[in-house]
Structure formats: structure tokens, C-alpha cells
Amino acid sequence: TIALKNDGTVWTWGGNNYGQLGDGTNTNRETPVPVTGLAGVNAIACGSNYAIALKNDGTVWAWGSNGSGQLGDGTNQYRNAPVQVTGLTGVSAITCGSYHTIALKNDGTVWTWGYNWAGQLGDGTNENRNTPVQVGGLTGVSKIACGYKHTIALKSDGTVWAWGDNYWGQLGDGTNTDQWIPIQVTGLTGVSAIAGGHRHTITLKNDSTVWAWGDNSYGQLGDGTNENRNTPVQVTGLAEVSAIAGGGNHSIALKNDGTVWAWGYNLYGQLGNGTSGCKNFP
């Protein structure tokens, strides 16, 4: 677990076998410890056994597992204290997949590094990268998000673009073909927010409706079915939404009235409705 304090310091606790707590050790912690030598932070994110931080000066720092180069320091060495991502400045937002990392720069370009088996780095290859590469042909981006092996970008014009793994249709382009460069999500405009689940994608439109696509094995698309979708479908009966998030195989929405709605996988009670049955609608 990772927390950002108001004073710009970062605190972590939990498993630490890969150095993902960033305290200079590989010792598990049951109470919070400060990340070594890190201050002036304004955003944090976690992947699988690694973490990243964005500092006020626009630089990005990372620590933990690095087998696929996801720390971006030019090596594949695990780090138990923060290292600076090589050659990357002017960053305004960060996010992580399981083993790949994404940064949005102030100029609206997107940069990625780490695991690239399905083309989730968007550089036109499926080669892992241990330093940042620019996502090809993509500018004017305002927000970024990602799933397990796919990446999503929202442009300032309200269109959504995606790349990487597409086996479940999670890129929303009407196919199930992996894409190594960004492609536009079919028929979707007026979007204000994006989120990724494990193998599905969720968007919030300016009209406060929610649209989703990809894996629907557990009803995580919320359209009342369990059919996978490779183009966007509207979440059934859900309006007046102000924020969205994706879990592994479930989805969550915050409404303007302060209520929270959820749908999808629920074996462990992650929908919070007092049952353990999956739901294919909110």
C-alpha cells in the first residue's frame, strides 16, 4: 500500500520482497514507513510489485520490481529505494499497468516503458523498454489510464484512443486484434474521464452516462449481459455519474448525489451490496 501526505512525502506498508516499499530494505512492514529520500511529490501510482511517484518539478521516480524495465532507469535491476526515470521531465500525470508504466507530459504527448508483449507501450513494437519511449502519433492528450496489458488515452477533443492487448475487445475498435499503435475507440465522443479494469475499459461522458467494453465474463460492463464487447455499450440505467474506477473484474461509479454503484465480479464482496453474487448491471 502507498500513501501521499500533504507535505509531499510518500509512505508505504505491506509486502516488500521486491523493494516495492522503497525504504531501502526488503523487509515487510505492518505499519507505514517513509519512502527513502523522496519529497515534493504530487502524485503516486502502483503496478505489480513496484511503485512510481511524480514530483512537483515534473520528474518521475520509481522503485521495486524491474524485470521488464518498468522502473525506466535503463536497467532491469530491482530497486529498494527510488531511482529517477531516465530522461523524462515535464510530466503532468502518471499511471501503471501490471508491468508497464505511462506518463503524460505537459505538451500532451504520452511516454511509456516496461513490459510490451502485446504492444501496450504504443511504440509500434512488442519489445520491452527500460527507458521511456514516446507513443507514436498521439498528441493533445489530457488523461491516461491502463489495464493489465492495454493502455488508454483521452484526448482534449473528447475522443478515446487505446492500444495493446485486445483479445477481449478491450481496445473498443470493433476487432479482437492487438494493436501496437494507438487506435480510436469506435463511435465514442464527448468523453470526460477514462478508467481501465483488468481486461475491460470504462469511460464517463460529458452527459454523465457511463460506457464500457472488453471482457464481460462477470458482468463488469454493466449492460445486463455477460457477452464480451469490442465496441462501447452503455451501462444500463446509470446516469448523473461524476467519477468512475475499474477493479480487476468489476467496475465502480460515483454519482452526483454521493452514492456509489458497482457491478461485475463479487466473489469476495467487492460490490459492497451485502451479497457475493456477480451482477451484470449496477
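Structure's up top.
This section reports on the structure supplied with the text. Predicted model, so just to flag it, every value in this text is computed and none were measured.

Comments concerning the overall build of the protein chain
For step 1, the next point in the chain: Along its length, the protein chain carries 0 helices and 22 strands.
For step 2, the next point in the chain: For a compact globule of 282 residues, the expected C-alpha radius of gyration is about 19 Å, and the protein chain comes in at 18 Å, within 12% of that figure.
For step 3, the next point in the chain: Each principal axis of the C-alpha distribution contributes one length, and for the protein chain these read about 50 × 45 × 30 Å.
For step 4, the next point in the chain: In the protein chain, buried positions account for 52% of the 282 residues.
For step 5, the next point in the chain: For the protein chain, the share of sequence-separated contacts (at least 6 apart) that also reach a separation of at least 24 residues comes to 44%.
For step 6, the next point in the chain: Here the protein chain displays about 11300 Å² of accessible surface, and carbon together with sulfur accounts for 48% of that area.
For step 7, the next point in the chain: For the protein chain, the separation between the mean place of its 14 positive charges and that of its 18 negative charges on side chains is 3 Å.

Overview of the packing of aromatic side chains
For step 1, the next point in the chain: Here the structure, examined in full by the defined rule, presents 5 aromatic pairs.
For step 2, the next point in the chain: On the basis of an interplanar angle of 70 degrees and a centroid distance of 6.4 Å, the ring pair of Y265 and Y268 is categorised as edge-to-face.
For step 3, the next point in the chain: Of the aromatic side chains, those joined through ring pairs into one cluster are Y218, Y265 and Y268.
For step 4, the next point in the chain: Lying over the aromatic face of W168, R199 brings its terminal NZ or CZ to 4.1 Å of the ring centre.
For step 5, the next point in the chain: We note K205 situated over the ring of W211; from NZ or CZ to the ring centre the distance is 5.2 Å.

Re unusual backbone geometry
Outside of glycine, negative phi angles account for most residues, and trans bonds account for most peptide bonds.
For step 1, the next point in the chain: Within the chain, N49 stands out as a residue other than glycine whose phi angle is a positive 70 degrees.
For step 2, the next point in the chain: You can see N49 is positioned in the loop between β4 (41–46) and β5 (50–55).
For step 3, the next point in the chain: Judged by relative accessible area, which is 29%, N49 ranks as partly exposed.
For step 4, the next point in the chain: The backbone of E240 shows a phi angle near 60 degrees, a positive value even though the residue is not glycine.
For step 5, the next point in the chain: Its place among the elements puts E240 in the loop between β19 (229–234) and β20 (241–246).

Points about the environment of K205
For step 1, the next point in the chain: Mapping K205 onto the fold places it in strand β17 (residues 200–205).
For step 2, the next point in the chain: A C-alpha to C-alpha distance of 8.9 Å links K205 and L188, two positions 17 residues apart in sequence.

Considering the sheet that holds strand β9 (residues 100–105)
For step 1, the next point in the chain: Within the open sheet, the 4 strands sit side by side as β8-β9-β10-β11. Their pairing is antiparallel. Sheet topology places β8 (91–96) and β11 (129–134) at the edges, where each strand pairs with a single neighbour. When strand polarity is set aside, the average angle formed by the axes of neighbouring strands in this sheet is 20 degrees.
For step 2, the next point in the chain: By the bridge criterion, 5 bridges tie β9 to strand β10 (residues 110–114) in an arrangement that is antiparallel. Looking at the pairing, H100 lines up with G114 of β10.

Concerning the environment of G15
For step 1, the next point in the chain: Positionally, G15 belongs in the loop between β2 (10–14) and β3 (29–34).
For step 2, the next point in the chain: It is 33 Å that separates the C-alpha atoms of G15 and W213, two residues lying 198 residues apart in sequence.
For step 3, the next point in the chain: Sequence-distant contacts of G15, that is, excluding residues within four places in its chain, are made with Q20, L21 and N28.

Some points on the pattern of salt bridges
For step 1, the next point in the chain: Taken as a whole and judged by the stated rule, the model has 7 salt bridges.
For step 2, the next point in the chain: Of the charged contacts in the structure, one is a salt bridge between R199 and D215, with a shortest N-O distance of 3.0 Å. Highlighted residues: R199 in the loop between β16 (191–196) and β17 and D215 in the loop between β18 (210–214) and β19, separated in sequence by 16 residues.
For step 3, the next point in the chain: On the accessibility criterion, D215 (0% relative accessible area) is buried.
For step 4, the next point in the chain: E227 serves as the salt-bridge partner of R229, at 3.6 Å between the closest nitrogen and oxygen.
For step 5, the next point in the chain: With relative accessibility at 23%, the residue R229 sits in the partly exposed group.
For step 6, the next point in the chain: Shared partners join several salt bridges into a network, and the residues in it are D123, E127 and R129.

Cut-offs and rules
Residues numbered from 1 in each chain as written. Predicted model: local features only at pLDDT ≥ 70, side-chain atom pairs only at ≥ 80, totals over all residues. Heavy atoms only, no water. Helix = DSSP H or I, 4+ residues; strand = E, 2+ residues; numbered from the N terminus. Rg over C-alpha atoms; globule rule 2.2 N^0.38 Å. Buried < 20%, exposed > 50% of the residue type's maximum accessible area, 1.4 Å probe, protein only. Contact = heavy atoms within 4.5 Å. Areas by Shrake-Rupley, 256 points an atom, 1.4 Å probe, with all protein chains shown as cover. Lys, Arg positive; Asp, Glu negative; His and termini not counted. Charge placed at Lys NZ, Arg CZ, Asp CG, Glu CD. Phe/Tyr/Trp six-rings, centres within 6.5 Å; stacked < 30°, edge-to-face > 60°. Lys NZ or Arg CZ within 6 Å of the ring centre and 35° of its normal. Pairing = 2+ DSSP bridges. Axes fitted to C-alpha atoms, helices over the stretch in contact; angles between N-to-C directions. Salt bridge = Lys/Arg side-chain N within 4 Å of Asp/Glu carboxyl O.

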